[in-house]
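# Descriptive analysis of the structure
Chain by chain, the residues:
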Amino acid sequence: MSKAAPRLAVKGLRHLYAERPVIEDLTFTLRAGQAIALVGPNGAGKTTVLKCIVGSAEPAAGQILLDGLPIDERVEVVRRDVASLLDDLDFFPDLSAAEHLDLLARAHGNAEPEDLVDTLLDDVGLLAAADQLPGSLSSGQRRRLALATALVRPRKLLVLDEPEQRLDTAGVTWLAERLVEEKKSGTSILFASHDTTLVDAVADHTVALTPLP
Amino acid sequence: MSTADPVDGPVVFDPADFGAIPTSKELRRWMRKVRRGKADRSVWQQFEDIYVVIFALAMLGATGGNVVLNLNDRSAGCTTASCGWLLDTVPLILVPLLVSGMLRVLLSIGPVSASRATGFWLLATPVDRASLLRPSYRLVMVGAVVVGALAAVVGWALFGANWSTVGEAAVLTTVVLLCTACVTVWAQQTGARSRWALRAADGLLVLAAVPALLLAVRPREEGAAASVVLGLSTVPASEPFLSAAEVRLLVISAVALLVAVALVVFTARSLDKLSRQSVVAGGELLAGIAGAAITLDVSLLADVVAGRHWRQVGRVKSRRGRGSRGVAMIHREFLRVLRWPRRLVIGFALLVVPYAVAGTGYDVLVPIVAGLAGFIAVRPLMDGLRSVCRSIGLVRALGMDLRELRVIMSVVPGAFAALWAALATPALGSPAVAFAVAVGMLTGAVRQASARPPSYSGPLVASPMGAIPPGLFSTPIRGFDLLLLCLAPVLLGLSGTWVVAIPAAVCLILFAVNPKQA
Ligand SMILES: Nc1ncnc2c1ncn2[C@@H]1O[C@H](COP(=O)(O)OP(=O)(O)O)[C@@H](O)[C@H]1O
Ligand SMILES: [Mg+2]
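Residue numbers restart at each chain and count upward from 1, following the sequence in its written direction. Here chains are named by letter from A upward and ligands by number from 1 upward, in the order in which they appear as written. Restriction of local features to residues with pLDDT of at least 70 applies here, the model being predicted, together with a cutoff of 80 or more for giving and counting side-chain atom pairs; totals for whole chains, interfaces and linings are based on all residues. Side-chain numbers here rest on the full set of heavy atoms in the structure, without hydrogens or water.

## Considering the environment of V395(B)
Residues and elements named next belong to chain B. Runs of H or I in DSSP of at least four residues are treated as helices and runs of E of at least two as strands, each being numbered from the N terminus. Structurally, V395 can be placed in helix α16 (residues 392–398). Buried means the residue's accessible area, taken with a 1.4 Å probe over protein chains only, is under 20% of the maximum for its type, while exposed means over 50%, and partly exposed covers the values in between. What makes V395 buried here is its relative accessible area of 4%. Between the alpha carbons of V395 and L405 there is a distance of 8.1 Å; along the sequence they are 10 residues apart. Once you skip the residues sitting within four places of it in the chain, V395 turns out to touch V388, M400, L402 and L405. Contacts are assigned to residue pairs that have any heavy atoms within 4.5 Å of one another.

## Remarks on the confidence of the model for chain B
Residue and element names in this part refer to chain B. The predicted model of chain B averages 79 in pLDDT, with 75% of residues at 70 or higher. The predictor attaches a confidence to each residue, called pLDDT, with possible values from 0 through 100. Mean pLDDT across the elements of chain B ranges from a minimum in helix α2 (residues 47–74), with 63, to a maximum in helix α18 (residues 411–428), with 96. Taken as a whole, residues 222–239 scores under 50 in pLDDT and shows 39 contacts with residues more than four places along the chain or in a different chain. For residues 282–288, every residue scores under 50 in pLDDT, and the model assigns this stretch 18 contacts once sequence neighbours within four places are set aside.

## A short note on the packing of helix α19 (residues 431–449) of chain B against helix α21 (residues 496–512) of chain B
Residues and elements named next belong to chain B. Interaxial angles span 0 to 180 degrees and are taken between N-to-C directions of axes, which are lines fitted to C-alpha atoms, for helices over the stretch in contact. Interaxial distance between α19 and α21 falls to 9 Å at its minimum, and their mutual angle equals 25°. Between α19 and α21, the crossing angle belongs to the class labelled roughly parallel. The handedness of the crossing between α19 and α21 comes out as left-handed. Across from A432, V433, F435, A436, V439, T443, V446 and R447 in α19, the residues of α21 making contact are V499, V500, P503, A504, V506, C507, L510 and F511. By the convention adopted, Pro, Cys, Tyr, Trp, Phe, Met, Ile, Leu, Val and Ala count as nonpolar, Lys, Arg, Asp and Glu as charged, and the other residues, Gly among them, as polar. Of the residues belonging to the contact of α19 with α21, the class tally is 14 nonpolar, 1 polar and 1 charged. Each angle receives one of four descriptions, namely roughly parallel if under 35 degrees, roughly antiparallel if over 145, roughly perpendicular if within 65 to 115, and oblique otherwise. Rotating anticlockwise by less than a right angle from the far helix to the near helix defines a left-handed crossing, while the corresponding clockwise rotation defines a right-handed one.

## Considerations on the environment of L8(A)
All names here are of chain A. Note that L8 resides in strand β1 (residues 8–17). With 23 residues separating them in the primary sequence, L8 and R31 have C-alpha atoms 6.7 Å apart. If we skip the residues at most four places from it in the chain, L8 touches F28, T29, L30, I53, I64, L65, L157 and L190.

## Quick notes on a positive patch on the surface
Here a patch means residues that are over 30% exposed by relative accessible area and free of salt bridges, tied together within 9 Å if like-charged and within 5 Å if nonpolar (Val, Leu, Ile, Met, Phe, Trp, Tyr). Accessible surface is estimated by sampling points in the Shrake-Rupley manner with a 1.4 Å probe; for residues, cover comes only from the protein chains shown. Just to be clear on terms, a salt bridge is a Lys or Arg side-chain nitrogen sitting within 4 Å of an Asp or Glu carboxyl oxygen. Neither His nor the chain termini are counted; the positive set is Lys and Arg, and the negative set is Asp and Glu. Lysine's charge is taken at NZ, arginine's at CZ, aspartate's at CG and glutamate's at CD. A cluster of like positive charges, contributed by K25(B), R29(B), R32(B), R134(B) and R138(B), occupies part of the molecular surface. Mapped by element, the contributors of at least two residues to the positive patch are α1 (24–38) and α5 (129–158) of chain B.

## Regarding the sheet that holds strand β3 (residues 35–39) of chain A
Residues and elements named next belong to chain A. The pairing criterion for strands is at least two bridges between them, as found by DSSP. Taken in spatial order, the 5 strands of this open sheet run β6-β7-β8-β3-β9, and their pairing is parallel. Either end of the sheet is taken by a strand with one partner, and the two such strands are β6 (82–85) and β9 (205–208). When the angles between neighbouring strand axes are averaged without regard to direction, this sheet yields 15°. Looking at chain direction, β6 and strand β7 (residues 157–161) are connected through 4 bridges and run parallel. In the strand pairing of β7, S84 is matched with V159. The strands touched by helix α1 (residues 46–54) are β3, β6, β7 and β8 (188–192); relative to β7, the strand with the most contacts, the crossing angle is about 145°. Against the sheet, helix α5 (residues 139–151) contacts β6 and β7, and its axis sits at roughly 175° relative to β6.

## Thoughts on the side chain of S410(B)
All names here are of chain B. Along the chain, S410 turns up in the loop between α17 (402–409) and α18. Taking the relative accessible area as the measure of exposure, S410 reaches 5% and is therefore buried. Side-chain atoms alone can form a polar contact between residues adjacent in sequence; in general such a contact is a pair of N or O atoms within 3.5 Å, and within protein one must be able to donate a hydrogen while the other accepts it. A distance of 2.6 Å separates a polar atom in the side chain of S410 from the backbone oxygen of R406. Residues in contact with S410, not counting those within four places in the same chain, are L442, V446 and F511.

## Digging into the interface of chain A and chain B
Contacts between the two partners involve 36 residues from chain A and, on the opposite side, 36 residues from chain B. Here chain A meets chain B over a buried area of about 3300 Å², counting both sides, of which 53% is carbon and sulfur. Counting every contact that joins chain A to chain B gives 8 salt bridges. At the boundary of chain A with chain B, the tally comes to 25 residue pairs in polar contact (both at pLDDT 80 or more). Here the quantity called buried area is the total loss of accessible area, with a 1.4 Å probe, experienced by two parts when brought into contact, counted for both.

## Describing the site of ligand 1
All names here are of chain A. Near, as used in this document, describes a residue that has one of its heavy atoms within 4 Å of the molecule or strand being considered. In the vicinity of ligand 1, the residues found are Y17, R20, V22, P41, N42, G43, A44, G45, K46, T47 and T48. Between ligand 1 and G43, the relevant distance is 2.7 Å, taken from an oxygen atom to a main-chain nitrogen or oxygen of the residue. Between T48 and ligand 1, the recorded distance is 2.5 Å, taken from a side-chain N or O atom to an oxygen atom. In isolation ligand 1 exposes 560 Å². Once the protein is present, 62% of that is buried. Looking at the shell around ligand 1 residue by residue, the class counts come to 4 nonpolar, 5 polar and 2 charged.

## What to know about the pairing of strand β4 (residues 61–66) of chain A
Residues and elements named next belong to chain A. The pairing of β1 with β4 spans 5 bridges and is classified as antiparallel. Bridge pairing links K11 to Q63 in β4. Summarising the sheet, β4 and strand β5 (residues 69–70) pair through 2 bridges and their orientation is antiparallel. Its bridge partner being in β5, L66 is matched across the sheet by L69. Between the end of β4 and the start of β5, which pair antiparallel, lie 2 residues, with D67 showing a positive phi angle near 50°.

What follows is the structure, encoded as C-alpha cells:
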C-alpha cells in the first residue's frame, strides 16, 4: 500500500490574523500531476492558505509537507521546485518583458533560454510587447507577463492565486489548456479561483473554504 | 399597477438633499481622530528609531566637534588673500547647488503632494481643494526655510565668515530657497512648466560646477592648506556696532524677506489650480503612505522618481543576458546600470566634490564629504536591489534567498564604489582612507536601498502626521549610520589598522545578516 509521499500534504492547517482564526483545521493532499482548486467567497482564506504554502505567512498550527519534507522557503530545493504567482509580484521597472523572462530562466540555471523565452512570449501573446517596460504594459498584459514568470522556470508545484484575474476570455481558455498540459507533464497545481470553467477544466478536486465568523 | 411604489419615474438627484459640503477643516479633524485611534504604540516604544537617532546624534556630535576643533587649531595662519578668495567662491557653488537641488527634489515629490488615498477619497469631493492642500504646502515652505538656514549657517561659518555675514547669508539664502519653493508650486500646475524648471535646475548645476572645478584644480600654495580659519576668532571685537555695509545688507534682507512672504501668500492662493494627478505624486507606489510622511522615506522617493522615468521611456531594446544563476544576475545588473548613463555621468562628476574640498584646504572634511558624495553617486545604481527588496514575490520568482540576492546585486555597485574611491584617492590622501570611503558609501547605500517599504498592516505609531508604521522616522538617516561608522576611525584620527579593520567588519556583517523581508 505504501506509495511515494504525495507532492503536497497539508495537515491540520490553522492560521490566525490578530488572534482571529481565518483557517481552521484544513487538511488535503495533492499528488503529482494533479490539480486542486481552492474555492469560496471573498475573505474565505484562499490567499492565506497559498501564502502559508509559499512561506510568506506563518501557520499557527499544522504541517505542510512537500514530497514528505516540511516546506521551508529557506531551503534551496523548495525554492527550485515551487513556482508561485501571488499578488505580491512586482517587476524591475527598467527591464523589458523579454529581459524579465530571460533573467528568470537564467537565475534558475538555464544558460540558453532564448528559444524558451521566445516561445513563451508568443504563448502569452506578448511577442509584440516584448521590448516594453512593465510600467507601459496594460494591466492584462502585466498579468500575462506574471503568468509567464511562473512558466519560464523549472517547477514541480505551481501555486496560483486567481490566475484568471484581468485575462480576457481567450486568455482564460489558453490558461486552462496550458494548465492541463502542465498536469500531463507531471506538475502539481494548487490554485484559487472564482472562474468555474477554469476550475472544471483543470481541477481534479476542489477544496471549499468558508469565511469563519 | 405601480401604485405601491410612491416614487415614480427616474430618481432626481438634488444636491440640496445632501446638506452643506463640509469644510476641509472639519474633514481633517475627523481624519485625525480616526488615525489617532489606529495607533497602538507610542513613539518611545520604538527601539529601532531611538537607536538610530541616538547613534546618529552621537556620531554627528563627535564628528562635528572634532572638525571644529581641527579648524580652530589652524586658525592662526590665515592669509587674508586665501580666506577672502574662499569666501568669494563658496556662495557661487553653494547657492546654485541648493537652488538646483531644491528644484529637483521638490518637483519630484510634487512639491504639493497627497497620498493616493487622499487623492481618491478627498480630492474627488467638492471640498475646497486649496485648503485641503494647505498643510502640505506649509510643510514644503517650512522645509525650504529649514534647509536654507541650515545650509547657509554651516556653509558660511565653516568657510570663515564672521557672525553678521553668516546671519545675512542665512536670511538671503532662505529667501532665495523660499522663492524657489514657490516657483516649483507654480511649475507644478502644468507639465511644460515643470520641464522648464527641471532644465533650469540642470543649468544651475553646470553653473555650480564651474567654480567647484576651479577650486579643485587650483594649485595649492605652500602653507595655504593650513591657512584657513573659522573666522570667528579673527573678527576684531572692537568694530562699530553696525558698519555701513551691514546696514545695507540688513536692508536688503528685510526687503527680500518681504518679497518672499508676499510670494508665499500669493502662491498659496493658487493651490486650487493644482490637478489631482499632479498632487498624487508617484501614483501606485504611494498607495499606502500618508501624504507628508513620504518625504521621510528617501528610498520611496527614489522609487517614485525612477518609476516615473521608466514609465515615460516605455520601451527599450531588449538585451540578451549571459551565463546563468549569479553570473547572469550580475551581467544583467551591469546592463541595467548602462541603461541610464546619465546617472553614471553624474556619479563620476561628483568626484569633483572631494577635490574641491581638498582644494579649500579643509583636509578634515574631505573623507566625510567624499563619503557623502560617493553615497549619492552609488545609491542610484541600487535600483535592482531596491526592486527585489520591495517585492517578495520577485525574490520567490528568482528562486534565491534575499541575503544571497543582496550580495549578488551589490557586485556592480561595489565595483563602481571601488573605482570611484580609487579615483578620489589623491584627494583623500591614502589608500586606507579610500578603502574606508568605498566601503562606507557602498554599505550605507545597500542598507538604505534594502529598507522595507512601510507597511500599514502591522503596528502603527501615533505621530503629528497621523498613525505611521514604526521605523519611518528613522528612514531618512538609514544608511548614513553605516557610512559614519565606516568613516569614524578616519574622523577620530585613529591608526591605519582601525581605518581598514572597522569598515571591513561592517561590510562583512552587513552582507552576512539576513535582511528583513517585506
Ligand atoms: N494582514 C491581515 N490582517 C488581518 N486580517 C487579514 C489580513 N489579511 C487577510 N485578512 C483577513 O483574512 C481573511 C481571509 O483573507 P484572504 O485569504 O485574503 O481571503 P480570500 O483570498 O479567500 O479572498 C479575510 O477576512 C481578510 O480580511
Ligand atoms: Mg484572495
